[in-house]
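# Structure assessment
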Amino acid sequence: MILAKDVSLTYIDGTKALNNISLSIGMGELVYITGPSGSGKTSLLKLLMGVEYPTSGLISVLGQEIRREQSRNIRKMRKAVGPVFQDFRLIKGRTALDNVMMGLRFLGFSHKEMKEEAVKALTEVGLEHKITSPVENLSWGEAQRVAIARAVARKPALILADEPTGNLDSSNAINILNLLTSLKKENTTVIITTHATHLIESQKNAVFIKLKDGDILDVIRG
Ligand SMILES: Nc1ncnc2c1ncn2[C@@H]1O[C@H](COP(=O)(O)OP(=O)(O)OP(=O)(O)O)[C@@H](O)[C@H]1O
Ligand SMILES: [Mg+2]
């Protein structure tokens with residue numbers, strides 16, 4: 001599902017975000033990536049989404065090699081990915097429902113199916129009462145849950161969630177983690193970056209990857 005060998009990422013301004021990391025993640029694994037601010041968590045997710053390419057080393061996601069020459073195939077690979085961005089990337093002026101439905105375009109759903117799946121996902125994140133609200137009227141935590149619903153509704157093979165609990169109170173954070181981790185049963189691979197180590201340390205059957213200064217300090221299979 002994901003294989004990385006000696007992968008480094010240096011941004012064009014010379015910042016080294018990841019140094020020679022190697023990883024192997026299988027189908028249906030639940031992976032938590034932790035580490036201080038600036039340690040490279042978002043950078044690693046960007047590589048896995050194929051929006052950045054490794055400066056050196058080899059990385060493949062869902063059988064697709066991540067390198068510039070493969071950009072067309074990487075776009076196809078992304079149909080099987082459900083991204084949750086740290087800054088949500090919702091479309092302003094549109095409702096919660098529209099935003100989740102927009103995440104379902106180009107996946108072969110009919111309009112009716114898109115609507116049904118979007119309503120279902122919004123209900124799962126506890127926003128059935130906000131379906132017709134424009135996203136700019138939502139609280140920060142509600143907007144975050146729309147972003148999560150948009151990813152989950154796609155029924156992706158791989159969820160890449162960047163700080164999905166960052167702005168939620170602990171009961172909503174636990175609900176969201178439960179929702180994301182329940183996808184493991186459907187053999188979805190779920191990769192979550194988080195600072196909320198207190199919420200995840202008791203998790204069983206998960207992989208914990210600790211980053212620091214672009215290095216993998218530790219990979220623990222719990
Ligand atoms: N587009 C970019 N250009 C240059 N440097 C970048 C860019 N994006 C990130 N960086 C740098 O790369 C390093 C890793 O950043 P990254 O965003 O991956 O950290 P993070 O672990 O996600 O942090 P946080 O917990 O604050 O979200 C940091 O030094 C950051 O300043
Ligand atoms: Mg980040």
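Residues numbered from 1 in each chain as written. Chains lettered and ligands numbered in written order. Predicted model: local features only at pLDDT ≥ 70, side-chain atom pairs only at ≥ 80, totals over all residues.

### Observations regarding the overall build of the chain
For clarity, the cut-off: Helix numbers and strand numbers start at the N terminus; a helix is a DSSP run of H or I with at least 4 residues, a strand a run of E with at least 2. We compute the radius of gyration over the C-alpha atoms and compare it with the globule rule, which gives 2.2 Å times the number of residues raised to the power 0.38. As a rule, residues whose C-beta atom has 12 or fewer other C-beta atoms within 10 Å are exposed, those with 20 or more are buried, and those in between are partly exposed; C-beta atoms are placed from the backbone. Two residues qualify as being in contact provided that their C-beta atoms, derived from the backbone, are within 7 Å of each other.
In terms of regular secondary structure, the chain is built from seven helices and 10 strands. For 222 residues, the compact-globule estimate of 2.2 N^0.38 gives 17 Å, and the C-alpha radius of gyration of the chain, at 17 Å, lies within 12% of that figure. Its C-alpha atoms give the chain principal-axis dimensions of roughly 45 × 40 × 35 Å. Across the 222 residues that make up the chain, the buried fraction comes to 40%. Partitioning the intrachain contacts of the chain with sequence separation of at least 6 by distance along the chain shows that 66% fall at a separation of at least 24.

### A few points about the sheet that holds strand S1 (residues 2–10)
Note the following rule: Paired strands are those between which DSSP finds at least two bridges. Axis angles are defined between N-to-C directions and span 0 to 180 degrees, where every axis is a line fitted to C-alpha atoms and, for a helix, only to the segment in contact.
If you walk across this open sheet you meet the four strands as S2-S1-S4-S5, and the pairing is antiparallel. With partners counted over all chains shown, the strands left at the sheet margins are strand S2 (16–25) and strand S5 (64–65), one partner each. Taken together, the five bridges between S1 and strand S4 (residues 56–61) define a ladder with antiparallel strand orientation. When the sheet's bridge partners are listed, Ala4 is paired in S4 with Ile59. Sheet strands in contact with helix H1 (residues 41–49) are S1, S2 and S4, and its direction is about 120 degrees off that of S1.

### Regarding the site of ligand 1
Applied cut-off: Working rule for contacts: place C-beta from the backbone, and if it is within 6 Å of a molecule or strand, that residue counts as near it.
Ligand 1 sits among 13 residues. The nearest are Tyr11, Ser37, Lys41, Thr42 and Ser43. Here the shell around ligand 1 gets three residues from one element, more than from any other, and that element is H1.

### Notes on unusual backbone geometry
Excluding glycine, most residues fall at negative phi; most peptide bonds, likewise, are trans. Of note, Asp6 is a non-glycine position whose phi angle comes to about 50 degrees, a positive value. Looking at the element boundaries, Asp6 is found in strand S1. We note that Arg89 has phi near 55 degrees; this positive angle belongs to a residue other than glycine. For Arg89, the location among the structural elements is in the loop between strand S6 (81–84) and helix H3 (96–102). Given 11 C-beta atoms within 10 Å, Arg89 falls into the exposed group.

### A short note on the pairing of S4
The sheet contact formed by S4 and S5 spans two bridges and is antiparallel. The residue bridging Ser60 from the neighbouring strand is Glu65, located in S5.

### Let's talk about the packing of helix H4 (residues 111–124) against helix H5 (residues 140–153)
Helix packing geometry: the angle between the two helix axes and the distance between the axes. For clarity, the cut-off: When an angle is under 35 degrees it counts as roughly parallel; over 145 it counts as roughly antiparallel; between 65 and 115 it counts as roughly perpendicular; any other value is oblique. Helix crossings are classified by the rotation of the near helix relative to the far one: an anticlockwise turn of less than a right angle makes the crossing left-handed, while a clockwise turn makes it right-handed.
Two elements in contact, H4 and H5, have axes separated by 9 Å at closest approach and are oriented at 130 degrees. Taken together, H4 and H5 sit at an angle that is classed as oblique. Between H4 and H5 lies a crossing of right-handed hand. Residue-level inspection shows Glu117, Ala118, Ala121, Leu122 and Glu124 of H4 in contact with H5, the latter providing Ala149, Val152 and Ala153.

### As for the sheet that holds strand S3 (residues 30–34)
Reading across the sheet, the six strands line up as S6-S7-S8-S3-S9-S10 and stay open at both edges, with mixed pairing between neighbours. Where the open sheet ends on each side, the last strands, each with one partner, are S6 and strand S10 (215–221). Shown here is a sheet whose adjacent strand axes are inclined to one another by a mean of 15 degrees, direction ignored. Bridging between strand S7 (residues 158–162) and strand S8 (residues 189–193) involves five bridges; their strand directions are parallel. When the sheet's bridge partners are listed, Ala161 is paired in S8 with Ile192. Across the sheet, H1 is in contact with S3, S6, S7, S8 and strand S9 (207–212); its angle to S7 comes to roughly 150 degrees. Running over the sheet, H5 touches S6 and S7 and is turned about 175 degrees from S6.

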